[in-house]
Amino acid sequence: MSKPVKQIHLAAHFPGVNNSTVWSDPAAGSQIDFSSFAHLARTAERAKFDFLFLAEGLRLREQNGEIYDLDVVGRPDTFTVLTALAAVTEKLGLAGTINSTFNEPYEVARQFATLDHLSAGRAAWNVVTSWDEFTGQNFRRGGFLAQEDRYLRARQFLAATWELFDSWRGDEITADQDAGIFLTDPAPGRFDHHVDQFDISGHFNVPRSPQGRPVIFQAGDSEEGREFAASGADAIFTRHGTLEDGQAFYTDVKRRLARYGRTHDELKILPGVSFVLGDTDADAREKADVIRHQQVSGPTAIKLLEQLWNRDLGSYDPDGPLPTVDPLVGENTVARGRASVRMHRDPVATAARWRALAEEKDLSIRELIIAVTGRQSFIGSPATVAEALNHFVQSDASDGFILTPHLTPGGLDDFADTVVPLLQERGVFRREYEGDTLREHLGLGAAGAVRSDPAGAANRKAAS
Amino acid sequence: MPSAPSPLHLAVALDAAGWHPAAWREPGARPRELFTARYWTDLVTEAERGLLDFVTIEDSLSLQSSSFTGPDGRTDQVRGRLDAVLVAARVAPLTRHIGLVPTAVVTHTEPFHVSKAVATLDYVSTGRAGVQVKVSGRADEAPHFGRRPAVPLRVDELDSPAGLALLKELFDEAGDYVEVLRRLWDSWEDDAEIRDAATGRFIDRDKLHYIDFTGERFSVKGPSITPRPPQGQPVVAALAHRAEPFRLVATSADVGFVTPRDTEDTRAILTEIRDAQATAGRDGETVHVFGDLVVFLDDDPAAAADRRARLEERAGAPYTSDARVFTGTPAELADLLLEGREAGLTGFRLRPAALPHDLERITRGLVPELQRRGAFRTAYEAATLRGLLGLPRPANRYAAL
Ligand SMILES: Cc1cc2nc3c(=O)[nH]c(=O)nc-3n(C[C@H](O)[C@H](O)[C@H](O)COP(=O)(O)O)c2cc1C
């Protein structure tokens, strides 16, 4: 019996604050002006993508005690720009990264419910858990959350917002003008939530939104992160881009679903990937090489190396060999507010691996950084890329992709015009939106099947 | 020669189906659409057709209620609302000239988040954003956040020592909050983004500034993650009924909404605000003081009175408000507004009793009437909200001279 052909899910990640965005290209536009966001969103919708995705950062990044100036700096507020995009699109899902440490459930639930109302059912929330004190210096809450508490708070945050989303059943408002009955419940939206992180109660004031609750994304790779995703998320944004890594991750996470009474299809795995298109494969490879060297200049290579080494390496030559000293272990004091810092869990081991790789292939610092920091990239002619993407999905390395173009805002135009039609011809990507909501685009069930304790891992484990 | 009186500024305050609690039952009302984008787009588009300076959008972090401590159990009035900043953002790309001033509750939110949200509203509207800051002393809002004790206070207790102490605390915090908003908006100089390919630098980091704010309730390091918005400083507004909020308007706001009972009261309020403005060292700056009025408007005075009576009957009570309530024709309202300008108000914020009816009577009745009297613009004369209000684009406080 042959496996059914899977439909690919595609999303667009607005490129921004990271060294993958090539801002020096003459075609690069503003990373802030609304016209840039509108352009990418319209392109994604023209291509029938599932959604547009925004990352978030809540403190400008620093390195060696100075604001980082080599990459794009600055971004707009996630909720505000996504809601404005709802005005210039009709079907495209709108996914925002919102931190569970420096926000409160009542407010975040209101904002997502509002976005869902104002977009007629297209909202998604990527729950992230950044905890550091550095970011906390911008907030009332401060930076007190210990690392081990961040998923506790994230789980409890999600459970609390879930209770708020479910606090209106959806049938309260009758607005019967003759009878003078606006709503049937005298005090709708009741909630009561008393756990370690939250001691909240009262009445939620946004009526149930079209999707009931937004689509939930998780981005994070630790054991807790995977478990968190398996217990309550609708999709995972992952960095596992190679076929083998992707398959291993896919198998691991999908295996965890049963524990929470969930089926294989209830969690979509979507790696963030980049792509480079050319007339021929050789042409694309050449372009990709130029792009990688634009992304990783000599100074950028040193900065990226410092983020692992946790030392000032300013005196090193990017075209020379890797430092022989080991990384400084402990709190990273050199680079702050950088996601990659959190990804380096065992810096000494990583450094050893990088050194071995550099020796084996005779790589300079810059060439090594280019080799190890690249995300999975699909490079080739449109036909090659379409084939590779499809192979990846059909081989269960993912359910689709979140594509990060390296150019703002036009970086997706070619993909939409050339690769998407080829996927459509193969019958693996939609030609028209079949539904109106993001939940429908992703083939997720209605949010009606309420698990009011989305992350109640412990309870469900105990019961099974 | 007496100088020509400055033209009147005009805003409308949008709230659900209108400010009268029975407004949703009116024939033209759209009570089933209050949570849709189209409803809000239609209202703001109508206000823009009338060349109004801006709309405000009301908000709160609790269910609407006649009680200060929790839901009042009424099922015959509108309950539930959307986040006002996001409503404004949704409408922004579909309008071109009108200012958008959503409400933000400052007592329970993060100034860092609100600062970047309003800056972003300024980007998505290309320079038409403002924010109406609002404190919350409601007993039922604090438990929604669980971060500060609920201080149960009744409206009639506001003048007690405990009431005054609470007001002072809330408004001091609001003052700090606005200071943080403003510093964050200035935390990037306008030309901080340099994209200097030769040196590989995207920004000139010397043009980004830590704001290092430390106050009683919160501290914020900065800089903002969002570059300085198009207006430099979006417009800050606040509603004020008494001394503490008057001080907030005088020290921190660009526009204050006040609720005088009559001309004499208007003069007294203005004296208080202008004195506080001088004390705060802001004499040289324009601080608009707008009068708030709830309006029942019809071309025939009897029709307006009848409509008000009908709404009151449906509500089962005479209509009262913190603001003066006007019932009558556009011409009569124009008289009242010009009288207010005479007393020193620079504009008015009209609260339509019923939507869209009273909004349309403002845009299609009152505005032409004021135009005939040479007291209101006949076309939008500026591209930004600050421009419409005659406020200069402010210099950046951190920029080296
Ligand atoms: C693909 C991906 C994208 C992420 N995007 C963001 C982001 O935009 N903002 C943020 O604060 N954290 C982001 N994170 C960080 C995660 O939320 C999380 O804090 C981090 O990965 C550590 O979690 P872990 O220990 O489960 O891996 C991202 C992580 C991944 C893997």
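Predicted model, so just to flag it, every value in this text is computed and none were measured.

Caption draft 1: Fine view of the nonpolar core. Counting residues in hydrophobic clusters, the biggest one holds 200 residues, and the most contacted among them are Phe49(A), Phe415(A) and Leu350(B). Broken down by element, this core gets its largest block of residues, eleven residues, from helix 5 (residues 161-186) of chain B.

Caption draft 2: Geometry of the pairing of strand 12 (residues 235-238) of chain A. Residue and element names in this part refer to chain A. Side-chain alternation along strand 12 places Ala 235 and Phe 237 on one buried face and Ile 236 and Thr 238 on a second face that is also buried. Bridge count for strand 11 (residues 215-218) against strand 12 is two bridges, and the pairing is parallel. By the bridge assignment for strand 12, Gln 218 is matched with Ile 236. For the segment spanning strand 11, helix 6 (residues 223-232) and strand 12, crossover handedness is right-handed.

Caption draft 3: Local environment of the packing of aromatic side chains. What the rule picks out here adds up to 28 aromatic pairs over all chains. For the pair Phe14(A) and Phe37(A), a centre-to-centre distance of 3.8 Å together with 10° between the ring planes defines the contact as stacked. Separated by 23 residues along the polypeptide, Phe14(A) in the loop between strand 1 (9-13) and helix 1 (34-46) and Phe37(A) in helix 1 bring together distant segments of the chain. A residue is classified by how much of its surface remains accessible, and Phe14(A), at 6% relative accessible area, is buried. Using a relative accessible area of 1% as the deciding quantity, one classes Phe37(A) as buried. Members of the aromatic cluster, connected to one another through ring pairs, are Phe79(A), Phe112(A), Trp125(A), Phe157(A) and Phe198(A). When the ring centre of Phe134(A) is taken as origin, the NZ or CZ atom of Arg59(A), which lies over that ring, is 3.8 Å away. Over the face of the ring belonging to Trp19(B) we find Arg351(B), whose NZ or CZ atom lies 4.6 Å from the ring centre.

Caption draft 4: Structural detail: helix 1 (residues 37-49) of chain B. Here helix 1 of chain B is 13 residues long and its end C-alpha atoms lie 18 Å apart, about the 18 Å a rise of 1.5 Å per residue gives. Taken together, the buried positions of helix 1 of chain B are Ala37(B), Tyr39(B), Trp40(B), Thr41(B), Leu43(B), Val44(B), Glu46(B), Ala47(B) and Glu48(B). In the core, the buried residues of helix 1 of chain B are packed alongside helix 3 (105-118) of chain A together with strand 1 (9-14), strand 2 (54-57), helix 2 (84-91), strand 3 (99-105) and helix 10 (357-372) of chain B. Looking one or two residues past helix 1 of chain B, Leu51(B) carries a phi angle of roughly 65°, positive in sign.

Caption draft 5: Representation of the confidence of the model for chain A in the model. The predicted model of chain A has a mean per-residue pLDDT of 91, with 95% of residues at 70 or higher. pLDDT under 50 marks residues 448-464 of chain A. Its contacts with residues more than four places away, or in other chains, come to 25 contacts.

Caption draft 6: Spotlight on the environment of Gly80(B). Turning to its location among the elements, Gly80(B) is positioned in the loop between strand 2 and helix 2. Once the C-alpha coordinates of Gly80(B) and Glu272(B) are considered, the two residues, 192 residues apart in sequence, prove to be 36 Å apart. If sequence neighbours within four positions are ignored, Gly80(B) has contacts with Trp168(A), Asn205(A), Pro207(A), Phe35(B), Leu63(B) and Gln64(B).

Caption draft 7: Quick look at the interface of chain B and chain A. Between chain B and chain A, the contact holds 79 residues from the first and 77 residues from the second. Of the roughly 6400 Å² buried between chain B and chain A on both sides combined, carbon and sulfur atoms contribute 60%. The interface formed by chain B and chain A holds seven salt bridges in total. Run the count over chain B and chain A and you get 41 residue pairs in polar contact (both at pLDDT 80 or more). Mapped by element, the contributors of at least two residues to the side of chain B that touches chain A are helix 2, helix 3 (111-124), helix 4 (142-145), helix 5, strand 5 (193-196), strand 6 (201-203) and strand 8 (219-220) of chain B. The element that contributes the greatest number of residues to the side of chain B that touches chain A is helix 3 of chain B, accounting for nine residues. Here the residues of the side of chain B that touches chain A sort into 38 nonpolar, 18 polar and 23 charged.

Caption draft 8: Looking closely at the side chain of Asp234(A). Residue and element names in this part refer to chain A. Assignment of secondary structure puts Asp 234 in the loop between helix 6 and strand 12. In this structure the side chain of Asp 234 is engaged in a polar contact, spanning 3.2 Å, whose partner is the side chain of Arg 213. When neighbours within four sequence positions are excluded, Asp 234 is seen to be in contact with Arg 213, Pro 214, Val 215, Ile 216, Arg 262, Glu 266, Leu 267, Lys 268, Arg 439 and Leu 444.

Caption draft 9: Up close: the site of the ligand. All names here are of chain A. Neighbouring residues of the ligand: 17 residues in total, closest Ser 130, Arg 150, Tyr 151, Ser 222 and Arg 345. Separating an oxygen atom of the ligand from a side-chain N or O atom of Arg 150 is a distance of 2.6 Å. Grouping the amino acids of the shell around the ligand by side-chain chemistry returns five nonpolar, six polar and six charged.

Caption draft 10: The pattern of salt bridges, seen in detail. Under the counting rule described, the total for this entry stands at 78 salt bridges over all chains. Here Lys207(B) makes a salt bridge to Asp191(B), at a shortest N to O gap of 3.1 Å. Taken together, the residues Lys207(B) in the loop between strand 6 and strand 7 (213-214) and Asp191(B) in the loop between helix 5 and strand 5 connect sequence positions 16 residues apart. Look at the salt bridges and you will find they share partners, linking Glu223(A), Arg226(A), Glu227(A), Asp252(A), Arg255(A), Arg256(A) and Arg259(A) into a network.

Caption draft 11: The environment of Ser321(B), seen in detail. Residues and elements named next belong to chain B. Tracing the backbone shows Ser 321 in the loop between helix 8 (301-315) and strand 12 (324-328). Taking the relative accessible area as the measure of exposure, Ser 321 reaches 27% and is therefore partly exposed. Apart from the residues lying within four places of it in its own chain, the contact partners of Ser 321 are Val 294 and Arg 351. Within the local environment of Ser 321, its side chain forms a polar contact with the side chain of Asp 322, the two groups lying 3.0 Å apart. Here Ala 323 takes part through its backbone nitrogen, which lies 3.0 Å from a polar atom of the side chain of Ser 321.

Caption draft 12: Region of interest: the pairing of strand 10 (residues 255-258) of chain B. Residue and element names in this part refer to chain B. Side chains of strand 10 alternate between two faces, with Val 255 and Phe 257 and Gly 256 and Val 258 buried alike. In this sheet, strand 10 lies alongside strand 9 (residues 235-240) in parallel orientation, the contact comprising four bridges. By the bridge assignment, Ala 240 is partnered in strand 10 with Val 258. Read as a crossover between parallel neighbours, the route from strand 9 over helix 6 (residues 243-252) to strand 10 is right-handed. Summarising the sheet, strand 10 and strand 11 (residues 288-297) pair through four bridges and their orientation is parallel. Following the sheet pairing, Phe 257 is matched in strand 11 by Phe 290. The parallel pair strand 10 and strand 11 is bridged by helix 7 (residues 263-279), and the resulting crossover is right-handed.

Each value, and the rule that gives it
Residues numbered from 1 in each chain as written. Chains lettered and ligands numbered in written order. Predicted model: local features only at pLDDT ≥ 70, side-chain atom pairs only at ≥ 80, totals over all residues. Heavy atoms only, no water. Core = buried A, V, L, I, M, F, W, Y, C linked by side-chain atoms within 4.5 Å. Buried < 20%, exposed > 50% of the residue type's maximum accessible area, 1.4 Å probe, protein only. Helix = DSSP H or I, 4+ residues; strand = E, 2+ residues; numbered from the N terminus. Pairing = 2+ DSSP bridges. Right-handed = clockwise from strand over helix to strand, strands pointing away. Phe/Tyr/Trp six-rings, centres within 6.5 Å; stacked < 30°, edge-to-face > 60°. Lys NZ or Arg CZ within 6 Å of the ring centre and 35° of its normal. Expected span 1.5 Å × (residues − 1). Contact = heavy atoms within 4.5 Å. pLDDT = per-residue confidence, 0-100. Buried area = accessible area lost by both parts, 1.4 Å probe. Salt bridge = Lys/Arg side-chain N within 4 Å of Asp/Glu carboxyl O. Polar contact = N/O pair within 3.5 Å; in protein donor to acceptor, adjacent residues only side chain to side chain. Nonpolar A, V, L, I, M, F, W, Y, C, P; charged D, E, K, R; others polar. Near = heavy atom within 4 Å.

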